[in-house]
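# A closer look at the structure
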Amino acid sequence: MPGQNPLLTLQGVKVEREGNQILDFPQDKTVEIFAGDRVGIIGENGAGKSTLINCIIGEMPFKGKIERHFTLNDLGVQFQYNSYDARLKVGELVEIISDSKLSGTDLKNEMKDFELGPLLKKKVSKLSGGERQRMTLFLVLQKNPKLLILDELTTGLDYQKRQEILHTLRRKSAQRTVLSVTHYFEELAGWMSKLLILHKGHLVFWGDIETLREKYKWCYSIIEFPKDALGRLNVQAFRGVEVNNDTFGIFPENQEQAESFLKGCASKNIPAQNRLMDIYVMYTLALNDYERSHEVLFSE
(Lines give C-alpha, C1' and ligand atoms only; values in the text may rest on other atoms or scores of the structure.)
Protein backbone atom coordinates (compact mmCIF):
# COMPACT_ATOMS: atom_id res chain seq x y z
CA MET A 1 0.00 0.00 0.00
CA PRO A 2 1.62 3.26 -1.13
CA GLY A 3 2.73 5.48 1.72
CA GLN A 4 1.94 2.90 4.40
CA ASN A 5 4.41 0.72 6.25
CA PRO A 6 3.44 -2.92 6.73
CA LEU A 7 2.48 -4.11 10.19
CA LEU A 8 4.15 -7.45 9.51
CA THR A 9 6.65 -8.62 6.87
CA LEU A 10 7.63 -12.24 6.14
CA GLN A 11 10.38 -13.32 3.77
CA GLY A 12 12.25 -16.61 3.38
CA VAL A 13 10.88 -17.95 6.67
CA LYS A 14 12.15 -21.47 7.31
CA VAL A 15 11.64 -23.86 10.21
CA GLU A 16 13.44 -27.18 10.51
CA ARG A 17 12.68 -29.83 13.09
CA GLU A 18 14.58 -33.11 13.46
CA GLY A 19 15.92 -32.76 9.94
CA ASN A 20 12.51 -32.09 8.41
CA GLN A 21 11.61 -28.77 6.79
CA ILE A 22 8.34 -27.72 8.48
CA LEU A 23 8.15 -24.29 6.90
CA ASP A 24 9.92 -23.17 3.74
CA PHE A 25 8.98 -19.77 2.31
CA PRO A 26 10.73 -18.65 -0.90
CA GLN A 27 13.27 -15.83 -0.74
CA ASP A 28 11.83 -14.10 -3.80
CA LYS A 29 8.32 -13.60 -2.38
CA THR A 30 7.56 -11.12 0.37
CA VAL A 31 4.41 -11.27 2.46
CA GLU A 32 3.44 -7.81 3.69
CA ILE A 33 0.45 -7.46 5.98
CA PHE A 34 -0.88 -3.95 6.49
CA ALA A 35 -3.10 -2.40 9.15
CA GLY A 36 -6.70 -3.33 8.43
CA ASP A 37 -5.87 -6.46 6.41
CA ARG A 38 -7.97 -9.51 7.21
CA VAL A 39 -6.02 -12.62 6.24
CA GLY A 40 -7.29 -16.18 6.08
CA ILE A 41 -4.49 -18.74 6.58
CA ILE A 42 -5.55 -22.07 5.11
CA GLY A 43 -4.10 -25.48 4.30
CA GLU A 44 -4.50 -29.13 5.21
CA ASN A 45 -3.37 -30.61 8.53
CA GLY A 46 0.41 -30.39 8.75
CA ALA A 47 0.64 -27.55 6.24
CA GLY A 48 2.53 -25.35 8.73
CA LYS A 49 -0.23 -22.96 9.76
CA SER A 50 0.27 -23.12 13.53
CA THR A 51 4.05 -23.19 13.04
CA LEU A 52 3.80 -19.92 11.12
CA ILE A 53 1.70 -18.33 13.87
CA ASN A 54 4.21 -19.41 16.51
CA CYS A 55 7.03 -17.84 14.46
CA ILE A 56 5.09 -14.59 14.13
CA ILE A 57 4.50 -14.29 17.87
CA GLY A 58 8.10 -15.21 18.70
CA GLU A 59 7.39 -18.62 20.21
CA MET A 60 9.41 -20.66 17.70
CA PRO A 61 12.94 -20.24 16.30
CA PHE A 62 13.20 -19.74 12.54
CA LYS A 63 15.51 -18.66 9.76
CA GLY A 64 14.67 -15.85 7.38
CA LYS A 65 13.04 -12.49 8.07
CA ILE A 66 10.04 -11.54 10.16
CA GLU A 67 9.69 -7.80 10.73
CA ARG A 68 7.12 -6.86 13.36
CA HIS A 69 5.94 -3.28 13.60
CA PHE A 70 3.95 -3.94 16.74
CA THR A 71 4.67 -4.78 20.37
CA LEU A 72 3.38 -7.66 22.49
CA ASN A 73 0.86 -5.23 23.96
CA ASP A 74 -0.53 -4.69 20.46
CA LEU A 75 -1.04 -8.42 19.96
CA GLY A 76 -4.09 -10.51 20.80
CA VAL A 77 -3.86 -14.28 20.27
CA GLN A 78 -6.61 -16.88 20.58
CA PHE A 79 -5.33 -20.44 20.37
CA GLN A 80 -7.47 -23.57 20.29
CA TYR A 81 -6.81 -23.86 24.02
CA ASN A 82 -5.53 -20.76 25.82
CA SER A 83 -4.03 -21.57 29.23
CA TYR A 84 -5.66 -20.17 32.40
CA ASP A 85 -5.52 -20.91 36.09
CA ALA A 86 -8.34 -23.46 36.36
CA ARG A 87 -9.02 -22.41 39.97
CA LEU A 88 -10.12 -18.92 38.95
CA LYS A 89 -13.72 -18.03 38.36
CA VAL A 90 -14.63 -16.34 35.07
CA GLY A 91 -15.53 -13.10 36.87
CA GLU A 92 -12.17 -13.00 38.63
CA LEU A 93 -10.33 -13.55 35.36
CA VAL A 94 -12.34 -10.84 33.62
CA GLU A 95 -11.50 -8.33 36.37
CA ILE A 96 -7.80 -9.20 36.21
CA ILE A 97 -7.50 -8.90 32.43
CA SER A 98 -9.74 -5.86 32.01
CA ASP A 99 -8.42 -4.13 35.14
CA SER A 100 -12.00 -3.15 35.90
CA LYS A 101 -14.71 -4.10 38.38
CA LEU A 102 -17.56 -6.29 37.16
CA SER A 103 -19.98 -3.65 38.37
CA GLY A 104 -18.72 -1.15 35.81
CA THR A 105 -21.36 -0.19 33.23
CA ASP A 106 -19.01 -0.34 30.25
CA LEU A 107 -17.70 -3.77 31.20
CA LYS A 108 -21.22 -5.08 31.72
CA ASN A 109 -22.25 -3.91 28.26
CA GLU A 110 -19.20 -5.46 26.64
CA MET A 111 -19.80 -8.79 28.38
CA LYS A 112 -23.37 -8.94 27.04
CA ASP A 113 -22.08 -9.40 23.50
CA PHE A 114 -20.30 -12.58 24.63
CA GLU A 115 -23.05 -13.82 26.97
CA LEU A 116 -20.62 -13.94 29.89
CA GLY A 117 -23.08 -12.87 32.58
CA PRO A 118 -24.26 -16.39 33.48
CA LEU A 119 -20.66 -17.64 33.52
CA LEU A 120 -19.11 -15.17 35.94
CA LYS A 121 -19.41 -17.44 39.00
CA LYS A 122 -18.25 -20.59 37.20
CA LYS A 123 -14.68 -21.81 37.49
CA VAL A 124 -12.72 -21.80 34.25
CA SER A 125 -12.24 -25.56 34.58
CA LYS A 126 -16.02 -26.08 34.44
CA LEU A 127 -16.63 -24.22 31.18
CA SER A 128 -17.79 -26.01 28.06
CA GLY A 129 -15.85 -25.62 24.81
CA GLY A 130 -18.15 -22.92 23.49
CA GLU A 131 -18.20 -21.04 26.81
CA ARG A 132 -14.42 -21.12 27.01
CA GLN A 133 -14.09 -19.80 23.45
CA ARG A 134 -16.48 -16.91 24.17
CA MET A 135 -14.55 -16.02 27.32
CA THR A 136 -11.18 -16.27 25.56
CA LEU A 137 -12.28 -14.07 22.68
CA PHE A 138 -13.66 -11.48 25.10
CA LEU A 139 -10.41 -11.42 27.09
CA VAL A 140 -8.27 -11.18 23.94
CA LEU A 141 -10.30 -8.24 22.65
CA GLN A 142 -10.05 -6.50 26.05
CA LYS A 143 -6.42 -5.78 25.18
CA ASN A 144 -7.67 -3.75 22.20
CA PRO A 145 -5.02 -5.40 19.99
CA LYS A 146 -3.78 -3.92 16.74
CA LEU A 147 -3.20 -7.45 15.46
CA LEU A 148 -5.68 -10.19 16.30
CA ILE A 149 -4.57 -13.78 15.64
CA LEU A 150 -7.17 -16.56 15.69
CA ASP A 151 -6.06 -20.18 15.54
CA GLU A 152 -8.98 -22.53 14.80
CA LEU A 153 -11.42 -20.31 16.68
CA THR A 154 -14.50 -22.50 16.22
CA THR A 155 -13.03 -26.01 16.09
CA GLY A 156 -15.16 -28.43 18.09
CA LEU A 157 -18.19 -26.13 18.29
CA ASP A 158 -21.60 -26.95 16.86
CA TYR A 159 -22.95 -24.93 13.94
CA GLN A 160 -25.08 -22.57 16.02
CA LYS A 161 -22.26 -21.69 18.44
CA ARG A 162 -19.86 -21.19 15.52
CA GLN A 163 -22.25 -18.72 13.92
CA GLU A 164 -22.83 -16.82 17.18
CA ILE A 165 -19.10 -16.42 17.87
CA LEU A 166 -18.34 -15.43 14.27
CA HIS A 167 -21.13 -12.85 14.19
CA THR A 168 -19.82 -11.19 17.34
CA LEU A 169 -16.21 -11.38 16.21
CA ARG A 170 -16.83 -9.86 12.79
CA ARG A 171 -18.52 -6.88 14.40
CA LYS A 172 -15.86 -6.43 17.09
CA SER A 173 -12.91 -6.80 14.70
CA ALA A 174 -14.14 -4.44 11.98
CA GLN A 175 -11.27 -1.98 12.42
CA ARG A 176 -8.55 -4.47 13.36
CA THR A 177 -5.91 -6.43 11.50
CA VAL A 178 -6.86 -10.11 11.68
CA LEU A 179 -5.01 -13.33 10.89
CA SER A 180 -7.39 -16.29 11.02
CA VAL A 181 -6.32 -19.95 10.79
CA THR A 182 -9.29 -22.17 10.02
CA HIS A 183 -10.45 -25.40 8.37
CA TYR A 184 -13.91 -23.93 7.82
CA PHE A 185 -13.41 -21.99 4.59
CA GLU A 186 -16.98 -20.69 4.67
CA GLU A 187 -16.05 -18.67 7.77
CA LEU A 188 -13.73 -16.55 5.62
CA ALA A 189 -16.24 -15.54 2.95
CA GLY A 190 -17.34 -11.92 3.20
CA TRP A 191 -14.88 -11.27 6.03
CA MET A 192 -11.31 -11.97 4.93
CA SER A 193 -9.80 -9.78 2.20
CA LYS A 194 -6.64 -11.84 1.60
CA LEU A 195 -5.56 -15.48 1.63
CA LEU A 196 -2.30 -17.15 2.59
CA ILE A 197 -2.34 -20.76 1.39
CA LEU A 198 0.16 -23.28 2.74
CA HIS A 199 0.93 -26.82 1.59
CA LYS A 200 3.46 -29.02 3.39
CA GLY A 201 5.21 -25.90 4.65
CA HIS A 202 5.35 -24.20 1.25
CA LEU A 203 3.72 -20.90 0.29
CA VAL A 204 1.19 -21.74 -2.43
CA PHE A 205 -0.54 -18.37 -2.69
CA TRP A 206 -0.46 -14.97 -1.03
CA GLY A 207 -2.66 -12.07 -2.06
CA ASP A 208 -6.17 -10.68 -2.47
CA ILE A 209 -9.03 -13.14 -2.70
CA GLU A 210 -10.27 -11.26 -5.76
CA THR A 211 -6.95 -11.92 -7.51
CA LEU A 212 -7.50 -15.63 -7.07
CA ARG A 213 -11.13 -15.34 -8.14
CA GLU A 214 -10.10 -13.54 -11.33
CA LYS A 215 -7.48 -16.19 -12.11
CA TYR A 216 -10.06 -18.96 -11.92
CA LYS A 217 -13.06 -17.11 -13.33
CA TRP A 218 -13.33 -19.80 -16.03
CA CYS A 219 -14.37 -22.33 -13.37
CA TYR A 220 -18.06 -22.81 -12.52
CA SER A 221 -17.80 -25.35 -9.71
CA ILE A 222 -16.16 -28.53 -8.48
CA ILE A 223 -18.02 -31.84 -8.61
CA GLU A 224 -16.65 -34.42 -6.19
CA PHE A 225 -17.38 -38.15 -6.34
CA PRO A 226 -15.84 -41.44 -5.13
CA LYS A 227 -12.50 -42.13 -6.78
CA ASP A 228 -13.44 -45.77 -7.38
CA ALA A 229 -16.14 -44.56 -9.81
CA LEU A 230 -13.60 -43.01 -12.20
CA GLY A 231 -13.71 -45.96 -14.57
CA ARG A 232 -17.47 -45.55 -15.03
CA LEU A 233 -17.44 -41.84 -15.87
CA ASN A 234 -16.20 -39.79 -18.80
CA VAL A 235 -13.90 -37.22 -17.20
CA GLN A 236 -11.47 -36.67 -20.09
CA ALA A 237 -13.14 -33.38 -21.10
CA PHE A 238 -12.58 -31.84 -17.68
CA ARG A 239 -9.71 -30.70 -15.58
CA GLY A 240 -9.54 -33.13 -12.69
CA VAL A 241 -7.97 -33.32 -9.26
CA GLU A 242 -7.46 -35.96 -6.59
CA VAL A 243 -9.16 -34.37 -3.59
CA ASN A 244 -8.06 -37.07 -1.15
CA ASN A 245 -7.45 -40.82 -1.03
CA ASP A 246 -11.14 -41.57 -1.59
CA THR A 247 -12.43 -38.63 -3.61
CA PHE A 248 -11.88 -37.21 -7.09
CA GLY A 249 -13.09 -33.88 -8.43
CA ILE A 250 -13.68 -32.29 -11.82
CA PHE A 251 -14.08 -28.60 -12.67
CA PRO A 252 -16.93 -27.82 -15.11
CA GLU A 253 -16.66 -24.45 -16.83
CA ASN A 254 -20.39 -23.66 -16.89
CA GLN A 255 -23.76 -24.74 -15.54
CA GLU A 256 -24.59 -26.83 -18.61
CA GLN A 257 -21.45 -28.94 -18.20
CA ALA A 258 -22.13 -29.38 -14.49
CA GLU A 259 -25.74 -30.47 -14.99
CA SER A 260 -24.80 -32.91 -17.75
CA PHE A 261 -22.10 -34.54 -15.62
CA LEU A 262 -24.37 -34.76 -12.58
CA LYS A 263 -27.06 -36.47 -14.68
CA GLY A 264 -24.46 -39.01 -15.77
CA CYS A 265 -23.57 -39.67 -12.14
CA ALA A 266 -27.22 -40.05 -11.17
CA SER A 267 -27.90 -42.50 -14.02
CA LYS A 268 -25.10 -44.74 -12.69
CA ASN A 269 -26.09 -44.29 -9.02
CA ILE A 270 -22.78 -42.57 -8.28
CA PRO A 271 -23.02 -40.10 -5.39
CA ALA A 272 -21.71 -36.67 -6.42
CA GLN A 273 -21.56 -33.27 -4.76
CA ASN A 274 -21.53 -30.04 -6.76
CA ARG A 275 -19.93 -27.06 -5.03
CA LEU A 276 -20.20 -23.69 -6.74
CA MET A 277 -17.16 -21.42 -7.00
CA ASP A 278 -16.11 -20.37 -3.49
CA ILE A 279 -12.92 -20.17 -1.41
CA TYR A 280 -12.72 -23.96 -1.15
CA VAL A 281 -12.86 -24.36 -4.95
CA MET A 282 -10.24 -21.64 -5.48
CA TYR A 283 -8.04 -23.25 -2.81
CA THR A 284 -8.32 -26.66 -4.51
CA LEU A 285 -7.41 -25.18 -7.90
CA ALA A 286 -4.47 -23.20 -6.50
CA LEU A 287 -3.15 -26.26 -4.67
CA ASN A 288 -3.47 -28.40 -7.80
CA ASP A 289 -1.65 -25.78 -9.90
CA TYR A 290 1.14 -25.55 -7.34
CA GLU A 291 1.64 -29.31 -7.14
CA ARG A 292 1.70 -29.61 -10.92
CA SER A 293 4.30 -26.85 -11.26
CA HIS A 294 6.40 -28.35 -8.44
CA GLU A 295 5.98 -31.98 -9.42
CA VAL A 296 9.49 -32.98 -8.38
CA LEU A 297 9.00 -31.43 -4.94
CA PHE A 298 5.85 -33.46 -4.21
CA SER A 299 6.63 -36.61 -6.18
CA GLU A 300 7.27 -38.77 -3.11
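Heads up: these notes are all about the structure in this document. As a convention, each chain's residues are numbered from 1 in the sequence order in which they are written. At least 70 in pLDDT is required for a residue's local features to be given in this predicted model, at least 80 for side-chain atom pairs to be given and counted, and no such filter applies to totals for whole chains, interfaces and linings, which use all residues. Think of the side-chain values as coming from all heavy atoms in the structure, minus any hydrogens and water.

### Focus on the overall build of the protein
Numbered from the N terminus, helices here are DSSP runs of H or I no shorter than four residues, and strands are runs of E no shorter than two. Per the secondary structure count, the protein includes eight helices and 14 strands. Once the C-alpha set of the protein is aligned to its principal axes, its extents read approximately 65 × 45 × 40 Å. For every residue, the accessible area (1.4 Å probe, protein chains only) is compared with the maximum for its type, and the residue is labelled buried under 20%, exposed over 50%, or partly exposed between those bounds. Within the protein, the fraction of its 300 residues that count as buried is 47%. Relative to all contacts within the protein whose residues are 6 or more apart in sequence, the contacts with residues 24 or more apart total 69%. Note on contacts: a residue pair is in contact if any heavy atoms of the two residues lie within 4.5 Å.

### Describing the sheet that holds strand β11 (residues 221-226)
By this definition, two strands are paired if DSSP reports at least two bridges between them. A sheet is described by the order of its strands in space; here four strands give the open sequence β12-β13-β11-β14, paired in antiparallel fashion. Here the strands that pair on one side only, and so sit at the sheet edges, are β12 (239-242) and β14 (273-276). With direction set aside, neighbouring strand axes in the sheet form an average angle of 25 degrees. Both β12 and strand β13 (residues 247-251) contribute to a ladder of four bridges, which runs antiparallel. Each axis is a line fitted through C-alpha atoms, and for a helix only the stretch in contact is used; angles between axes span 0 to 180 degrees, taken between their N-to-C directions.

### As for the side chain of Asp 151
You can see Asp 151 is positioned in strand β7 (residues 147-151). Lys 49 provides the closest opposite charge to the buried, salt-bridge-free Asp 151, at an N-O distance of 7.3 Å. Under this definition, polar contacts are N or O atom pairs within 3.5 Å; protein pairs additionally need one hydrogen-donor-capable and one acceptor-capable atom, and for neighbouring residues in sequence, both atoms have to be side-chain atoms. Within the local environment of Asp 151, its side chain forms a polar contact with the side chain of Ser 50, the two groups lying 3.3 Å apart. We count Lys and Arg on the positive side and Asp and Glu on the negative side, and we leave His and both chain ends out. Here, a salt bridge means any side-chain nitrogen of Lys or Arg that lies within 4 Å of a carboxyl oxygen of Asp or Glu.

### Side note on the nonpolar core
Put simply, buried Ala, Val, Leu, Ile, Met, Phe, Trp, Tyr and Cys residues joined by side-chain atoms within 4.5 Å make one nonpolar core. Counting residues in hydrophobic clusters, the biggest one holds 50 residues, and the most contacted among them are Leu 195 and Ile 197. Considering each element in turn, this core owes the most residues, nine residues, to helix α8 (residues 279-293). Filtering out sequence-adjacent residues up to four positions away, Leu 195 remains in contact with Gly 40, Ile 42, Leu 188, Phe 205, Trp 206, Gly 207, Ile 209, Leu 212 and Ile 279. Core analysis: the second largest hydrophobic core is formed by 29 residues, Leu 7, Phe 70, Val 77 and Val 181 among them.

### Considering unusual backbone geometry
Positioned with a positive phi, Asn 144 is a non-glycine residue whose angle comes to about 50 degrees. Relative to the helices and strands, Asn 144 resides in the loop between α4 (129-142) and β7. We classify Asn 144 as exposed; its relative accessible area is 56%. Although it is not a glycine, Asn 269 sits at a positive phi angle of roughly 55 degrees. Tracing the chain through its elements places Asn 269 in the loop between α7 (255-267) and β14.

### Brief notes about the packing of α4 against helix α5 (residues 159-172)
The interhelical angle for the contact between α4 and α5, taken along N-to-C directions, is 5 degrees, at an axis separation of 11 Å. Here α5 runs roughly parallel to α4, going by the angle between their axes. Between α4, through Gly 130, Gln 133, Arg 134, Leu 137 and Leu 141, and α5, the contact on the second element is made entirely by Lys 161, Ile 165, Leu 169 and Lys 172. The residue makeup of the contact of α4 with α5, split by class, is four nonpolar, two polar and three charged. Oblique is the label for every angle not falling under 35 degrees (roughly parallel), over 145 degrees (roughly antiparallel), or within 65 to 115 degrees (roughly perpendicular). Residue type decides the class: Asp, Glu, Lys and Arg count as charged, Ala, Val, Leu, Ile, Met, Phe, Trp, Tyr, Cys and Pro as nonpolar, and the leftover types, Gly among them, as polar.

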